[in-house]
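# Examining the three-dimensional arrangement
Single-letter residue listing:
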Amino acid sequence: MEKFTRHTGITAPLDRENVDTDAIIPKQFLKSIHRTGFGPNLFDAWRYLDPGEPGQDPASRKPNPDFVLNQPRYQGASILLARKNFGCGSSREHAPWALQQYGFRAVIAPSFADIFFNNCFKNGLLPIVLPDFHLDHLFQEVAANLGYRLTIDLPAQTVTSPSGPPMRFEIEPFRKECLVNGWDDIGLTLRRQDAIRAYEERRRAAEPWIFS
Amino acid sequence: MEALSLYEKLWQSHLVHEEADGTALIYIDRHLVHEVTSPQAFEGLALAGRRPWRIGSVVATADHNVPTTRRDEGIADPIARLQVETLDRNVEKFAVPVYYGMSDARQGIVHVIGPEQGATLPGMTVVCGDSHTSTHGAFAALAFGIGTSEVEHVLATQCLLAKKAKTLRIRVEGALPPGVGAKDVVLAIIGRIGTAGGTGHAIEFAGSTLRALSMEGRMTVCNMAIEAGARSGMVGVDEKTIAYLRDRPFAPRGEMFDRAAAYWRTLVSDPGARFDREVELDATRVGPQVTWGTSPEMVVSIEDRVPDPAAERDPVRREAMERALQYMGLDPCTPMTDIAIDKVFIGSCTNSRIEDLRAAASVVRGRRVAGRVKLAMVVPGSGLVKRQAEQEGLDQVFRAAGFEWRDPGCSMCLGMNDDRLSAGERCASTSNRNFEGRQGAGGRTHLVSPTMAAAAALAGRFVDVRRLA
């Protein structure tokens, strides 16, 4: 997994609540058996005027000029500002894959849906929770300033805008450590294999029907 | 002894290890697998040179991509076909012991077949790369959806890293009025607490109304816990739970069943157990629910009107309402009963069990689908549900009325196969999500119960099923 320590990048605003994972990556792209190739179809139904199907040449598509990520000022954006309950709905990990493969390293929102939040950490995409008043301020600033960039410092747990003092965010220590070091969860868990085996023995005695 | 909630009991009984910050390693008993969220996980496992920890925990099926007609002809879409064939191959390569492939009589929606086979048992942790895994909580299991990286993690380690959730008890009390059922209860709950109302929480559904529901009804309620933001929803064990499980293929037998049942009866919240939050709902005041917007929380009773964004003070929410009404092609203050429909879908992991089909058939019997309805379809949740319905003659009731009677799968709940809405088409759907484009790009979804969907099919518009003469 790609490490995340410090990142400065162009910031784009997606000013709507309850953005669901169907919107982030529509179902027709879930037929892929691969982990890559989802970036061109991020927000497909909002981003293009023509209907999206797997296997299209992205150059042949008709971008929707009204969609925020298609505006010239947000080209190359790597930080997304969002509203409450971002990533709700389906558990599809294709959603963080698409965001990351488009070029995003972080999403900042007042709240995230649980499964999406969890999936982000498995892919080096940092979901940052900041309170509404910070988000309101950031949405105003990004609209008012061309080339607006934020800096995220994960070890220090701060988001810094060009105008003000760093805003601190919370993150669980274990998740932070994994992300800063780019650790693979499975490798970490397998270090506990003796504990897992001992647990299985206890359960097998108490609830043998689980293992039959 | 400390009074524990059901969630706390399930959590504690699966704890393998705990980090200093509370991040825990929890053991997974049952792993349900389908074709869409598993290929990358099996591939990752192979690339890392790892083997499945306990492949016997896996029950696999193909449900999202499968056609619901002419199944013997296979899948026409080459990309979808490759995905199902990839699951076929992974089942063989990794020696998955239980697989209900496309041609198996027991194939069906993963959240229908798990309980149907007794593969979901009380006291289990149940996971699947699908958010509607919360369904299995109806059996007092800790059941939740996971992403593909976690599918791989469970395959490799039989465990997951997790943080203990907060607890939310939703008590529903009182007798449901005639014509009102489990789907209406859960939609009313989501309308009350919102789609983020349960975020970070495990929901326990409790109260006399829940006790009175069948296991099928409880599954419908737990299924939509995720639509209230909660990864898991659950109901404590009672005699209905135990009666449902007796003689199911994967349930223990004989003396072992009695021993298991004795343990299962302890899987209820203790008197005096504390919850981080409590919500109460009066079931006697719930009417048949219909969603009007593009989020399940955008819901009203059939006797109400489409809300007016002008009355909403919060600007972000007002804009969301305006955008939803524009997408849905609706004007504020329109009576819900004035909304005409183009298609009807009775199916999905929310409402495709035998009880759902019986309820819908009881409305349809002896009547005809309205002329303006282009397609009304019933998609049973599994091959066994389909067979049972046919034995009861329900297929004839639906067919005589003008419904199509299809093969089992996820179908038009998410439209990964050919069952979709076209742009602008409006659907009365018994599924769980009314997001933009969910049932097809530009499609307009209204979530309702099976009886309300059946009534809408007959009238060609939404009607109060209680007033259908």
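The preceding data block contains the structure.
What you see is a predicted model, and the numbers here were worked out from it, not measured in a lab.

### A few points about the overall build of chain B
Within chain B, the secondary structure is distributed over 15 helices and 19 strands. Taking 23 Å as the expected radius of gyration for a compact globule of 469 residues, we find that chain B reaches 21 Å, a close match to that expectation. Considered along the principal axes of its C-alpha atoms, chain B spans approximately 55 × 55 × 45 Å. Taking all 469 residues of chain B together, the buried fraction comes to 67%. Nonlocal contacts in chain B, meaning residues at least 24 apart in sequence, comprise 76% of its contacts between residues at least 6 apart. Accessible area for chain B stands at about 15700 Å²; split by element, carbon and sulfur atoms hold 48% of it.

### Things to note about helix α11 (residues 315–328) of chain B
Residue and element names in this part refer to chain B. The terminal C-alpha atoms of α11 lie 20 Å apart, and with 14 residues this matches the ideal 20 Å at 1.5 Å per residue to within 8%. For α11, every residue scored as buried is listed here: V316, A320, M321, A324, L325, Y327 and M328. Looking at the packing, one finds that the buried side of α11 touches β18 (426–429) and β19 (444–447). For α11, the N-terminal capping position is held by D314, with its side-chain oxygen 3.1 Å away from the main-chain nitrogen of V316.

### Examining the sheet that holds strand β15 (residues 343–346) of chain B
Residues and elements named next belong to chain B. Overall, parallel pairing links the five strands, which are arranged β17-β16-β15-β18-β19 in an open sheet. If you trace the sheet from one side to the other, it starts and ends with β17 (404–405) and β19, each paired once. Across four bridges, the pairing between β15 and strand β16 (residues 375–378) is parallel. Looking at β16, one finds that F345 is bridged to M377. The sheet strands contacting α11 are β18 and β19, and the helix crosses β19 at an angle near 110 degrees.

### Examining empty space enclosed by the protein
Under the criterion given, the structure shown has three cavities of 30 Å³ or more. In this model, the largest cavity occupies a volume close to 230 Å³. Forming the walls of the largest cavity are 23 residues, and the residues nearest its centre are H64, D130, H132, L414 and R438 of chain B. The class makeup of the residues in the lining of the largest cavity is eight nonpolar, 10 polar and five charged. The computed volume of the second largest cavity comes to approximately 120 Å³. What lines the second largest cavity is a set of 16 residues, among which C88, G89 and A113 of chain A together with I226 and G229 of chain B lie closest to the centre. Each residue belonging to the lining of the second largest cavity can be placed in one class, and the counts come to seven nonpolar, six polar and three charged.

### Quick notes on the state of the cysteines
Scanning all chains against the criterion turns up zero disulfides over all chains. Free cysteine C120 of chain A: the closest other cysteine sulfur is in C88 of chain A, separated by 13 Å.

### Re the environment of K3 of chain A
Residues and elements named next belong to chain A. Mapped onto the secondary structure, K3 falls in the segment before β1 (6–13). Between the C-alpha atoms of K3 and N181, which are 178 residues apart in sequence, the distance is 5.7 Å. Among residues more than four places away in sequence, those in contact with K3 are R105, L179, V180, N181 and G182.

### What to know about the interface of chain A and chain B
Counting residues at the interface gives 59 residues for chain A and 78 residues for chain B. Summing both sides of the interface, chain A and chain B together bury roughly 5700 Å²; the carbon and sulfur share of this comes to 56%. Scanning the region where chain A abuts chain B turns up 10 salt bridges. In this structure, the salt-bridge partner of R35 of chain A is E152 of chain B, at a minimum N-O distance of 3.4 Å.

### Considering the sheet that holds strand β7 (residues 142–145) of chain B
Residues and elements named next belong to chain B. Strand order in the open sheet formed by five strands is β5-β4-β3-β6-β7, with parallel pairing between adjacent strands. Strands at the two margins of the open sheet, each flanked by one partner only, are β5 (98–100) and β7. The average angle at which neighbouring strand axes cross in this sheet is 15 degrees, direction not considered. Judged from the three bridges that link them, strand β4 (residues 58–61) and β5 form a sheet pairing that is parallel.

### A short note on the packing of helix α12 (residues 354–364) of chain B against helix α14 (residues 394–401) of chain B
Residue and element names in this part refer to chain B. Two elements in contact, α12 and α14, have axes whose closest approach is 10 Å; the angle formed by their N-to-C orientations is 45 degrees. One element, α12, and the other, α14, form an angle in the oblique class. The interaxial crossing formed by α12 with α14 has left-handed handedness. On the side of α12, the interface is formed by I354, L357, R358, A360, A361 and V364, while α14 contributes L394, V397, F398 and A401. In the contact of α12 with α14, the residues fall into nine nonpolar, no polar and one charged.

### Let's talk about the pairing of β15 of chain B
Looking along a regular strand, one sees the side chains alternate between the two faces of the sheet. Residues and elements named next belong to chain B. Alternating residues of β15 divide into K343 and F345 and V344 and I346, and every residue in both groups is buried. Tracing the backbone out of β15, into α12 and back to the parallel element β16 gives a crossover that is right-handed. Here β15 pairs with β18 via three bridges, running parallel. The residue bridging K343 from the neighbouring strand is C427, located in β18.

### What to know about helix α10 (residues 254–264) of chain B
Listing the buried residues of α10 of chain B in full gives F257, A260, A261 and W264 of chain B. Axial view of α10 of chain B: buried residues confined to an arc of 100 degrees, hence all on one face.

### Some points on the pairing of strand β6 (residues 125–128) of chain B
All names here are of chain B. Here β6 shows a buried face lined by T125 and V127 and a second buried face lined by V126 and C128. Two strands pair when backbone bridges link them, and β6 and β7 are joined in this way by four bridges, in the parallel orientation. Note that in β7 the partner of V127 across the bridge is F144.

About the cut-offs
- Residues numbered from 1 in each chain as written.
- Chains lettered and ligands numbered in written order.
- Predicted model: local features only at pLDDT ≥ 70, side-chain atom pairs only at ≥ 80, totals over all residues.
- Heavy atoms only, no water.
- Helix = DSSP H or I, 4+ residues; strand = E, 2+ residues; numbered from the N terminus.
- Rg over C-alpha atoms; globule rule 2.2 N^0.38 Å.
- Buried < 20%, exposed > 50% of the residue type's maximum accessible area, 1.4 Å probe, protein only.
- Contact = heavy atoms within 4.5 Å.
- Areas by Shrake-Rupley, 256 points an atom, 1.4 Å probe, with all protein chains shown as cover.
- Expected span 1.5 Å × (residues − 1).
- Polar contact = N/O pair within 3.5 Å; in protein donor to acceptor, adjacent residues only side chain to side chain.
- Pairing = 2+ DSSP bridges.
- Axes fitted to C-alpha atoms, helices over the stretch in contact; angles between N-to-C directions.
- 1 Å grid on protein atoms, 1.4 Å probe; cavity = no way out; pocket = protein on both sides within 12 Å on 5 of 7 lines; lining within 4 Å.
- Points joined across faces, edges and corners; volume = space filled by probe spheres on them.
- Nonpolar A, V, L, I, M, F, W, Y, C, P; charged D, E, K, R; others polar.
- Disulfide = S-S within 2.5 Å.
- Buried area = accessible area lost by both parts, 1.4 Å probe.
- Salt bridge = Lys/Arg side-chain N within 4 Å of Asp/Glu carboxyl O.
- Parallel < 35°, antiparallel > 145°, perpendicular 65-115°, else oblique.
- Left-handed = near helix turned anticlockwise from the far one by under 90°.
- Right-handed = clockwise from strand over helix to strand, strands pointing away.
- Arc of directions from axis to C-beta.

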